[in-house]
Structures are given as structure tokens and as C-alpha cells.
Amino acid sequence: MALLARAIYTGAASFVLIALAGIAYFGWHDARCGWPAFRAEMQRRTARRRAMPTDDTH
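Residues numbered from 1 in each chain as written. Predicted model: local features only at pLDDT ≥ 70, side-chain atom pairs only at ≥ 80, totals over all residues. Heavy atoms only, no water.

J.: Talk me through the packing of aromatic side chains; I want residue IDs and the actual numbers.
T.: Counted according to the given criterion, the structure contains three aromatic pairs. Ring plane angle 45° and centroid distance 6.1 Å describe the contact between Tyr25 and Trp28, whose orientation is recorded as tilted. Pair noted here: Tyr25 and Trp28 are both in helix α2 (residues 13-51), with a separation of three residues, about one helical turn. Accessibility expressed as a relative area gives 42% for Tyr25, which makes it partly exposed. Among the aromatic residues, those joined into a ring-pair cluster are Tyr25, Phe26 and Trp28. (Phe/Tyr/Trp six-rings, centres within 6.5 Å; stacked < 30°, edge-to-face > 60°. Helix = DSSP H or I, 4+ residues; strand = E, 2+ residues; numbered from the N terminus. Buried < 20%, exposed > 50% of the residue type's maximum accessible area, 1.4 Å probe, protein only.)

See below:
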């Protein structure tokens, strides 16, 4: 991130474009690969929460 900030500050447009393309690609790739596991974990947590007995002591 520091190199990207320095490139923007000094006007190194070619490096900025390459860095932004890399950030976009790896962000998209990570989201695409990680989303199914994230969604499955959220469904498991929701199912566990629904299965818990309610506490009517108060």
C-alpha cells in the first residue's frame, strides 16, 4: 500500500494502473473462492442458534 501511495504521489501512472488491476483481480478471486465457505458457515451458525432452547427464566 505504501508503494501504491508513493506511485500516486509521484505520478507513476503505469504502476498505479497495474497495482489497481492486481488489487481488483485478487479481491475478486478471494471473494469468489471464499464466498461458498462463508455462506455455509453462516447457515451453520443460524441453524445452531435456532436449535438452542429459549431461556424463560426472567
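Moving on from the coordinates now.
J.: I'd like a description of the packing of helix α1 (residues 2-10) against α2, backed by residues and values.
T.: Closest axis-to-axis distance for the α1/α2 pair is 9 Å, and the angle between their directions is 145°. When the axes of α1 and α2 are compared, the crossing they make is left-handed. Contact with α1, carried on its side by Leu3, Leu4, Ala7 and Ile8, involves Phe15, Val16, Ala19, Leu20 and Ile23 of α2 and no other residues of that element. (Axes fitted to C-alpha atoms, helices over the stretch in contact; angles between N-to-C directions. Left-handed = near helix turned anticlockwise from the far one by under 90°. Contact = heavy atoms within 4.5 Å.)

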